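# Chain and residue survey
As a plain string of letters, each chain reads:
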There are 2 protein chains.
Amino acid sequence: MTPLEPVTVFVVPGIGEVTSDTDLGELLIATVVARLQPGDIVVITSKIVSKAEGRSVRADDREDAITEETVRVVATRRHPHGTTRIVENRLGIVAAAAGVDTSNVADGTVLLLPQDPDRTALTLARLLHVETGFDVGVVISDTLGRAWREGQTDVAIGAAGLTVVQDYRGMPDMQGRMMQATVVAVADEIAAAADLVMGKTSGYPVAIVRGLSHLVVPASDDTLQQARSLVRSADKDMFRLGTAEAFEAGRRAAAAHDSGAP
Amino acid sequence: MTPLEPVTVFVVPGIGEVTSDTDLGELLIATVVARLQPGDIVVITSKIVSKAEGRSVRADDREDAITEETVRVVATRRHPHGTTRIVENRLGIVAAAAGVDTSNVADGTVLLLPQDPDRTALTLARLLHVETGFDVGVVISDTLGRAWREGQTDVAIGAAGLTVVQDYRGMPDMQGRMMQATVVAVADEIAAAADLVMGKTSGYPVAIVRGLSHLVVPASDDTLQQARSLVRSADKDMFRLGTAEAFEAGRRAAAAHDSGAP
């Protein structure tokens, strides 16, 4: 990488409405391929991946759908309109309402997250390689809330053909000492950069990020880094439960102990 | 904003080593001003802001410095090399080691976060307005870890002259319905995009983000959005304590109750 090379982020026009009849690969061939250069990274919102996969369910079944997507409840909070459930879903992602999406979907429906976004990203990255003859990265993005900070940012929930995590541990810093703790979630930063051009209402669900070719790798299983590797497993997570839930678990544990229960 | 306008992110060369003798404003005038266009956003790493503010302390005093920066301990974890403290610091930011920085600093020293990055961003945004005659946004970025996800990303810890949080609540989505929960932390996404070009070892602590002029506002107190507004206050945070700490608090509360203590 030439450090002075700019990174350029731009949306792809002409995607149109995506439905369960849409073949995403054909759509990318028609709209994206002619614009690509070697080392580009294509960012696709999870929303259109879900739509193409027919992951729409009736809005009346929303709460049941969240329950089905849930592997583990992390925290819940009651509010005037109901209860928000922050859960770990099938993909390991911790998200409010299991990532179930209610905006920009057909009336009376809600949209579940894609079935296997890492697999879809790999399929699309390979297809783009076949069509273009060069390596292209693919990121599937979703909008998530965070602990400690207001607002949401886009992150990578699927990835193929690019470095997902850039590990500087053991690399010398500018003073020649080893860096201790810097592991950069570059795929999340790429998703965030793409969101700056895609917006939330503008109808551009695909963007191209150009100028990060040093992060792009062949999309083969051998070199595979998946967005799944960005998910911290609960056993390593210091925030695997909400504060109220963990407090209550501690209170119950003490009560159980006092009563002689195991 | 023309939706098809690309966003371009590029580093500014020639910054050189920053010390407590550096006047950041003079440095920006010498290196950045000639490159700016109306609506640009300048992203500056907190590291050089701290260095210019003389926020360096002896490495031997690191643990004391973390304690002094700490407003509230969120979680701690012991590991073979010591104890990691995740704390809320003076700025409201939840960070490991209170954001104290040990890479790319002078030997035998560590670097505290800037004193008041929102204030510094405002001073610099006003200076850039005076020098250029047009509005320019300023973001001061830092690298933070997250709950639930591996790796770190850059976020905004100081901001002036730009929209920090873009609130889509109450705006119609593509189907004309009101969007319920989308509040985008655009300043964090801008910091993340800038990190993609600045890297961690390449010695480019200033970047320009071009193409987001719809987010740039005059840097006056009246229209001020601060990075501080991205910090969720502990009383609203469902993850204000680590799971182990909250569990222990619950256990103790039960024990205190059982013993008749308040």
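- Under an unreviewed UniProt entry, the name given to chain A is Coenzyme F420:L-glutamate ligase-like domain-containing protein, and the source organism is Kocuria gwangalliensis.

### Observations concerning the overall build of chain A
- Helix and strand content of chain A: 6 helices and 12 strands.
- Of the accessible surface of chain A, which amounts to about 10900 Å², a share of 51% is contributed by carbon and sulfur atoms.

### Section: the sheet that holds strand E6 (residues 94-96) of chain A
Residues and elements named next belong to chain A.
- Taken in spatial order, the 3 strands of this open sheet run E4-E5-E6, and their pairing is antiparallel. Of all the strands in the sheet, the pair left with one neighbour each is strand E4 (70-79) and E6. With strand direction ignored, the average angle separating the axes of adjacent strands in the sheet is 20°.
- Looking at chain direction, E4 and strand E5 (residues 82-89) are connected through 8 bridges and run antiparallel. Bridge pairing in E5 places Thr70 opposite Asn89.

### Concerning the sheet that holds strand E4 (residues 70-79) of chain B
Residue and element names in this part refer to chain B.
- Strand order in this open sheet of 3 strands is E4-E5-E6, and the pairing throughout is antiparallel. At either end of the open sheet lies a strand with only one pairing partner, and these are E4 and strand E6 (94-96). For this sheet, the mean inter-axis angle between neighbouring strands, taken without regard to orientation, is 20°.

### With respect to the pairing of strand E5 (residues 82-89) of chain B
All names here are of chain B.
- Hairpin remark: E4 followed by E5, antiparallel, with 2 residues in the connecting loop.
- Pairing geometry for E5 and E6, over 3 bridges, is antiparallel. Bridging across to E6, Glu88 finds its partner in Val94.
- Turn length for the E5-E6 hairpin, with the two strands adjacent in sequence and antiparallel, is 4 residues, and the turn residue Gly92 shows positive phi of about 85°.

### Digging into the environment of Ala160 of chain A
Residue and element names in this part refer to chain A.
- The residue Ala160 is located in strand E9 (residues 152-160) in this model.
- Ala160 sits in the buried class, given a relative accessible area of 0%.
- In this structure the C-alpha to C-alpha distance between Ala160 and Arg126, which are 34 residues apart in sequence, comes to 8.8 Å.

### Some details on the interface of chain A and chain B
- At the interface, 85 residues of chain A touch 85 residues of chain B.
- Taken together, both faces of the contact between chain A and chain B bury some 7800 Å²; the carbon and sulfur share is 58%.
- Three residues stand out in chain A for area buried against chain B, namely Trp148, Arg149 and Leu196 of chain A, and they jointly supply 12% of the buried area on that side.
- If you look at where chain A meets chain B, you find 8 salt bridges.
- At the level of secondary structure, the elements contributing two or more residues to the side of chain A that touches chain B comprise strand E1 (7-11), E4, strand E8 (137-145), E9, strand E11 (183-184), helix H5 (186-198) and helix H6 (243-258) of chain A.
- Taken together, the residues of the side of chain A that touches chain B sort by class into 46 nonpolar, 20 polar and 19 charged.
- Pairing of E1 of chain A with strand E1 (residues 7-11) of chain B, which is carried by 3 bridges, proceeds in the antiparallel orientation. Within E1 of chain B, the position partnered with Thr8 of chain A by the bridge is Thr8 of chain B.

### Quick look at the pattern of salt bridges
- On inspection of all chains with the given rule, the structure shows 32 salt bridges over all chains.
- For Arg251 of chain A, the salt bridge is made with Glu248 of chain A, and the minimal N-O distance between the two is 2.8 Å. Within this pair, Arg251 of chain A and its partner Glu248 of chain A are both found in helix H6, separated by 3 residues, close to a single helical turn.
- What makes Arg251 of chain A partly exposed here is its relative accessible area of 33%.
- Among the ionic pairs, Arg58 of chain B bridges to Asp61 of chain B, the shortest N-O distance being 3.2 Å.
- Overall, Asp61 of chain B belongs to the partly exposed group, its relative accessible area being 29%.

### Here we look at empty space enclosed by the protein
- What the rule picks out here adds up to 3 cavities of 30 Å³ or more.
- Counted as a void, the largest cavity has a volume near 380 Å³.
- Lining the largest cavity are 30 residues, with Arg146, Thr153 and Val155 of chain A together with Arg146 and Thr153 of chain B sitting closest to its centre.
- Looking at the lining of the largest cavity, the elements with two or more residues in it are E8, E9 and H5 of chain A together with strand E8 (137-145), strand E9 (152-160) and helix H5 (186-198) of chain B.
- Partitioned by chemical class, the residues of the lining of the largest cavity number 15 nonpolar, 5 polar and 10 charged.

### Quick word on the packing of aromatic side chains
Residue and element names in this part refer to chain A.
- Applying the stated criterion to the full structure yields 2 aromatic pairs over all chains.
- Residues Trp148 and Phe239 carry aromatic rings whose centres are separated by 4.8 Å and whose planes lie at 80° to one another, so their mutual orientation is edge-to-face. Here the residue Trp148 occupies a position in the loop between E8 and E9, and Phe239 occupies one in the loop between strand E12 (206-210) and H6, the gap between them amounting to 91 residues. Accessibility assignment for this pair places Trp148 and Phe239 in one class, buried.

### Section: unusual backbone geometry
- Positive phi, normally seen in glycine, also occurs at Ala97 of chain A, with a value near 55°.
- Of the residues examined, Ala97 of chain A reaches a relative accessible area of 11% and is grouped as buried.

### Thoughts on the environment of Val183 of chain B
- By the element assignment, Val183 of chain B lies in strand E11 (residues 183-184).
- Excluding residues that lie within four positions of it along the chain, Val183 of chain B makes contacts with Gly151 and Gln152 of chain A together with Val165, Gln166, Asp167 and Arg169 of chain B.

### Comments concerning the side chain of Ser141 of chain B
- By secondary structure assignment, the location of Ser141 of chain B is in strand E8.
- Look past the residues within four positions of Ser141 of chain B in its chain and what remains in contact with it is Val43, Ile44, Thr45, Ser46, Asp154, Val155, Ala191 and Met198 of chain B.

### Concerning the relation of the copies chain A and chain B
- Note on the copies: chain A fits chain B at an RMSD of 0.0 Å, the axial shift is 0.0 Å, and the rotation between them is 180°. The superposition operator between the copies reduces to a two-fold rotation axis.

### Quick look at H5 of chain B
Residues and elements named next belong to chain B.
- With 13 residues, H5 extends 18 Å between its outermost C-alpha atoms, agreeing within 8% with the 18 Å of an ideal straight helix rising 1.5 Å per residue.
- In terms of burial, H5 is a largely internal element, 13 of the 13 residues being buried.
- Where H5 ends, the next residue or the one after it, Gly199, has phi of about 65°, a positive value.

Parameters at a glance
Residues numbered from 1 in each chain as written. Chains lettered and ligands numbered in written order. Predicted model: local features only at pLDDT ≥ 70, side-chain atom pairs only at ≥ 80, totals over all residues. Heavy atoms only, no water. Helix = DSSP H or I, 4+ residues; strand = E, 2+ residues; numbered from the N terminus. Areas by Shrake-Rupley, 256 points an atom, 1.4 Å probe, with all protein chains shown as cover. Pairing = 2+ DSSP bridges. Axes fitted to C-alpha atoms, helices over the stretch in contact; angles between N-to-C directions. Buried < 20%, exposed > 50% of the residue type's maximum accessible area, 1.4 Å probe, protein only. Contact = heavy atoms within 4.5 Å. Buried area = accessible area lost by both parts, 1.4 Å probe. Salt bridge = Lys/Arg side-chain N within 4 Å of Asp/Glu carboxyl O. Nonpolar A, V, L, I, M, F, W, Y, C, P; charged D, E, K, R; others polar. 1 Å grid on protein atoms, 1.4 Å probe; cavity = no way out; pocket = protein on both sides within 12 Å on 5 of 7 lines; lining within 4 Å. Points joined across faces, edges and corners; volume = space filled by probe spheres on them. Phe/Tyr/Trp six-rings, centres within 6.5 Å; stacked < 30°, edge-to-face > 60°. Least-squares fit on C-alpha atoms with pLDDT ≥ 70 in both. Expected span 1.5 Å × (residues − 1).

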